[in-house]
Amino acid sequence: MTVRGRKKTDYARDLALLGTRQRWIALAIFLVVLALLPFIPDWSGDIALRGWLRWTNETIIIIIAVLGLNVITGMAGQVNLGHTAFIMVGGFTMAVLTTAAGWPMLAALPIAALLTGIIALFVALPAIRLKGFYVAIATLAFLYISQFIITQFDITGATDGLYQIPSPSFWGFKIKGYLRWYFFLMPFLILCIMISANISRSRIGRAFIAIRDNHIAAQSLGINVSWIKIKAFFIGGLFAGLAGGLLSSRNSVITTSEFTFENSIWYLGMIIIGGAGRTAGAVVGVISLSLIRQILSVLGSSGVIPGSSTTSIYITYTIYGLAIILFVSFKPLGLISIWHKIKLNYRRWPFGV
Amino acid sequence: MIEENDILVGKDIHLGFGGIKALDGVDFSVKQGQIVSIIGPNGAGKTCLINSITGYYHPQHGRILYHDKDILGQKAHRIASLGISRTFQDPTTYPSMTALDILMAGRYIHTSASILHAMLFFGKSRREEVESRRMAEEAISFAHIEDLRKIPLAAMSYGQRKQVEIARALVMQPEVIILDEPMSGLDDSMKEIVTDLIFDMHDRGMTILLIEHDIQAVMELSHSVIVLDYGKKIAEGTPEQIAGNELVTQAYLGGWTSNLSSL
């Protein structure tokens, strides 16, 4: 069987993410598209550019967070219903450090990520002893416990939340407005995608997948299953904390009530529909589900969908639920598996389907 | 205490689950570079014994010495990193991973790149990946599974999965390799391939502990055979001694008796 367009002469080349010239070209085109994306005019006139960019910025932050969930749930197989709480912890860390302690946003950001990682690590402790369903419940408990704790202290704004969280600024150049935020967020997104891809092609990524597939056999590879679960939660927490920090700075306000259980479910759905355990799957999953949600909400608010404003929300949920059921039963490897199949068929053509 | 050339020695191993005695005072010894087989009827305690050696079960009493060091009660991942590698009877270990991924994962104990290295994929992580890949390719050509490299385990046939499982144990570069029924469910040509693999491993100086129901293969391969029945060792010796052993023949009343006497 001839394999098209693949001439790799050493293993380092074969391991590279961008092993071929075509891939470099594809990346260059992609980056140009990303740079031009915010200048594409909107179709719905009035809300125009702003609505579109606001959605894009929000989606970038969600992708970063979901990449973390993808490590915990997609790769390591630990169902995490408390991911939104990790984002919340990152967000509040940012808020407290910048408002109460007066740190600059950029200094608080790595601390937000790191602290969330460390807290996630402690959440993993019950997961070591528990399996499957029970891990999900433990993480769910963490969501409610963390919300409760945050609302108990004045420094975290009690039940009112925190306000006037500063935007990042570079020597007086303030990141404000959707366009500047877009270009501020994009490097973080690219970095996180790269990190996620690196994790999945490295020693630790394979250990995650090994314990997901078979945690008993994985021990015979010399993998300390408990320790690897902790590491998965730690890495997932880093992503979520970073996303949370970015989110609270962008919104400039944060309250515990924005971090709902429902969000956690959305995030899980995103990795299921995109393709659990794969970086590209997580990205595709977030974009497609967020896009559906955005389109339906635009249609709802512009009156295309009849009925009250909540009608479009219900339609969104129905589509979401249906999509998950259909994907789990017919495409359990997610949207990304369709792309892999197309690629495989192209390479094998005309020898097989 | 431990005889010269003995690499793995079990002494008076007792393993019970509630009222059931799975292993009842089993002794065994494996010499460096030998192929030792454990045979016995279903439920005799063969898999219990290797689960005890590899740290999956923790016997209540006894000692298992590996190079003079008592490993009984140690965790499974610890024992794997000491150089005792095993395969599983059911070869569907990591269904979503490709053969290459599984073999690369088999290099886990020989690599040590940290999370930070892995995230950035530079320096140590990159070097180790290239080295792991080289070792994985070696195991691939050793086990003749070149065409399975990028195929997920779930998409392979049973026999192919068995081959991958053996290659996986091999890529870990163990001193002792424990094979749990590597030939069960295979046809004759596949059995021959696996037999050759075992001989090849032996030629490379590995010590092999084998559980197998295929008596012919056992007799052909082994330097020494241990026979278990009802959790007790009923015989130990060369294949010729075992074939002539009265107790063994009794334990195998039925289907296997004729098999044994025909050898």
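Located above this text is the structure these notes cover.
Residues numbered from 1 in each chain as written. Chains lettered and ligands numbered in written order. Predicted model: local features only at pLDDT ≥ 70, side-chain atom pairs only at ≥ 80, totals over all residues. Heavy atoms only, no water.

What am I meant to see in the pairing of strand β2 (residues 20-31) of chain B here?
In the case of a regular strand, side chains alternate between the two sheet surfaces. Residue and element names in this part refer to chain B. As judged from the nine bridges shared by strand β1 (residues 6-17) and β2, these two strands associate in the antiparallel manner. Following the sheet pairing, F17 is matched in β2 by I20. Hairpin connection, β1 to β2: the antiparallel pair is bridged by two residues, and G18 has positive phi, about 60°. (Pairing = 2+ DSSP bridges. Helix = DSSP H or I, 4+ residues; strand = E, 2+ residues; numbered from the N terminus.)

Hey, could you run me through the sheet that holds strand β3 (residues 35-39) of chain B in this one?
Backbone-to-backbone hydrogen bonds pair the strands of a sheet. The strands run either parallel or antiparallel. All names here are of chain B. Across the sheet, six strands lie side by side as β6-β7-β8-β3-β9-β10; this open sheet has mixed pairing. Every interior strand has two partners, whereas the edge strands, β6 (84-86) and β10 (232-237), have only one. On average, adjacent strands in this sheet sit at an angle of 20° to one another, irrespective of strand direction. Where helix α6 (residues 158-171) meets the sheet, its contacts fall on β6 and β7 (176-180), and the angle it forms with β6 comes to roughly 170°. (Axes fitted to C-alpha atoms, helices over the stretch in contact; angles between N-to-C directions. Contact = heavy atoms within 4.5 Å.)

Looking at this structure, how should I read the environment of P168 of chain A?
Residues and elements named next belong to chain A. By the secondary structure assignment, P168 is in the loop between α6 (133-150) and β1 (169-170). Residues P168 and R250, spaced 82 residues apart in sequence, show a C-alpha to C-alpha distance of 8.8 Å. In contact with P168, other than residues within four places in its own chain, are M105, L106, F173, K174, I175, W181, F184 and S249.

Can you walk me through the packing of aromatic side chains in this structure?
Counted under the stated rule, the structure contains eleven aromatic pairs over all chains. Consider the rings of F170 of chain A and W171 of chain A, whose centres lie 6.4 Å apart with planes at 40°: the pair is tilted. Its relative accessible area of 31% is what places F170 of chain A among the partly exposed residues. Taking the relative accessible area as the measure of exposure, W171 of chain A reaches 85% and is therefore exposed. With centroids separated by 6.3 Å and ring planes inclined at 45°, the aromatic side chains of W266 of chain A and Y317 of chain A adopt a geometry described as tilted. Linking W266 of chain A in helix α11 (residues 261-274) with Y317 of chain A in helix α13 (residues 309-330), this pair joins segments that are 51 residues apart in sequence. On the basis of relative accessibility, which here comes to 32%, the residue Y317 of chain A falls in the partly exposed class. Taken together, the aromatic side chains of F170, W171, W181, F184 and F188 of chain A make up a single cluster linked through ring pairs. A cation over an aromatic ring shows up here: R203 of chain A above the ring of Y108 of chain B, its NZ or CZ 4.0 Å from the ring centre. (Phe/Tyr/Trp six-rings, centres within 6.5 Å; stacked < 30°, edge-to-face > 60°. Buried < 20%, exposed > 50% of the residue type's maximum accessible area, 1.4 Å probe, protein only. Lys NZ or Arg CZ within 6 Å of the ring centre and 35° of its normal.)

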